[in-house]
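Descriptive analysis of the structure
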Amino acid sequence: CVKLKQVELCPRGADFVISALSACKGLKHLDLSLNWLYNQGMAMVGRTLTEWAGLTHLDLSENRISAEGVESLAATLGGCQALSHLCLRHSKVDGASMTALAGALGKCE
């Protein structure tokens, strides 16, 4: 379990942290809420999701994520088949990003 809630990560800091966490193959719970990840941070998280196949909880709430960032994340969620909790509270979600997210989450157990 890694909780980095409200540590003021920006995309540049998130890149460093996420790169370091990619080595944690057994990661089950990741909380990156209340940071400043924006869409760039979502792309970084997405590229690393395949390293965390057993991830069950992912909290990315309140990170100033637009619909584009949600779609970017959704495109990579298929690698997290164990994911049971995803929090994107206060993200901007539109119809297209919700459809992409629903399709990706449908692949999770």
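This write-up is about the structure you can find in this document. (Residues numbered from 1 in each chain as written. Predicted model: local features only at pLDDT ≥ 70, side-chain atom pairs only at ≥ 80, totals over all residues. Heavy atoms only, no water.)

**A look at the overall build of the protein chain**
Check the secondary structure of the protein chain and you find four helices and four strands. Ordered by position from N to C terminus, the α and β elements of the protein chain give β-α-β-α-β-α-β-α. A principal-axis box enclosing the C-alpha atoms of the protein chain has dimensions of 30 × 25 × 20 Å. Buried residues in the protein chain amount to 39% of all 109 residues. Taking contacts inside the protein chain between residues at least 6 apart in sequence as the whole, the part at least 24 apart equals 83%. Of the accessible surface of the protein chain, which amounts to about 5600 Å², a share of 55% is contributed by carbon and sulfur atoms. Between the mean site of the 10 positive side-chain charges and the mean site of the 10 negative ones, the protein chain shows a separation of 4 Å. (Helix = DSSP H or I, 4+ residues; strand = E, 2+ residues; numbered from the N terminus. Buried < 20%, exposed > 50% of the residue type's maximum accessible area, 1.4 Å probe, protein only. Contact = heavy atoms within 4.5 Å. Areas by Shrake-Rupley, 256 points an atom, 1.4 Å probe, with all protein chains shown as cover. Lys, Arg positive; Asp, Glu negative; His and termini not counted. Charge placed at Lys NZ, Arg CZ, Asp CG, Glu CD.)

**Comments concerning the sheet that holds strand β1 (residues 2-3)**
An order of β1-β2-β3-β4 is seen for the four strands of this open sheet, with the pairing classed as parallel. With partners counted over all chains shown, the strands left at the sheet margins are β1 and β4 (85-87), one partner each. (Pairing = 2+ DSSP bridges.)

**Some points on unusual backbone geometry**
The backbone of Gln6 shows a phi angle near 55°, a positive value even though the residue is not glycine. Overall, the relative accessible area of 55% leaves Gln6 in the exposed class. Located in the positive-phi region is Glu62, a residue other than glycine, with phi close to 55°. Along the chain, Glu62 turns up in the loop between β3 (57-59) and α3 (67-74).

**A short note on the pattern of salt bridges**
This model, assessed by the stated rule, comprises two salt bridges. The partner of Glu51 in a salt bridge is Lys25, with the nearest N and O atoms 2.2 Å apart. Residue Glu51 is found in the loop between α2 (38-48) and β3, and its partner Lys25 is found in the loop between α1 (11-21) and β2 (29-31); the two are separated by 26 residues along the sequence. A relative accessible area of 30% places Glu51 in the partly exposed class. (Salt bridge = Lys/Arg side-chain N within 4 Å of Asp/Glu carboxyl O.)

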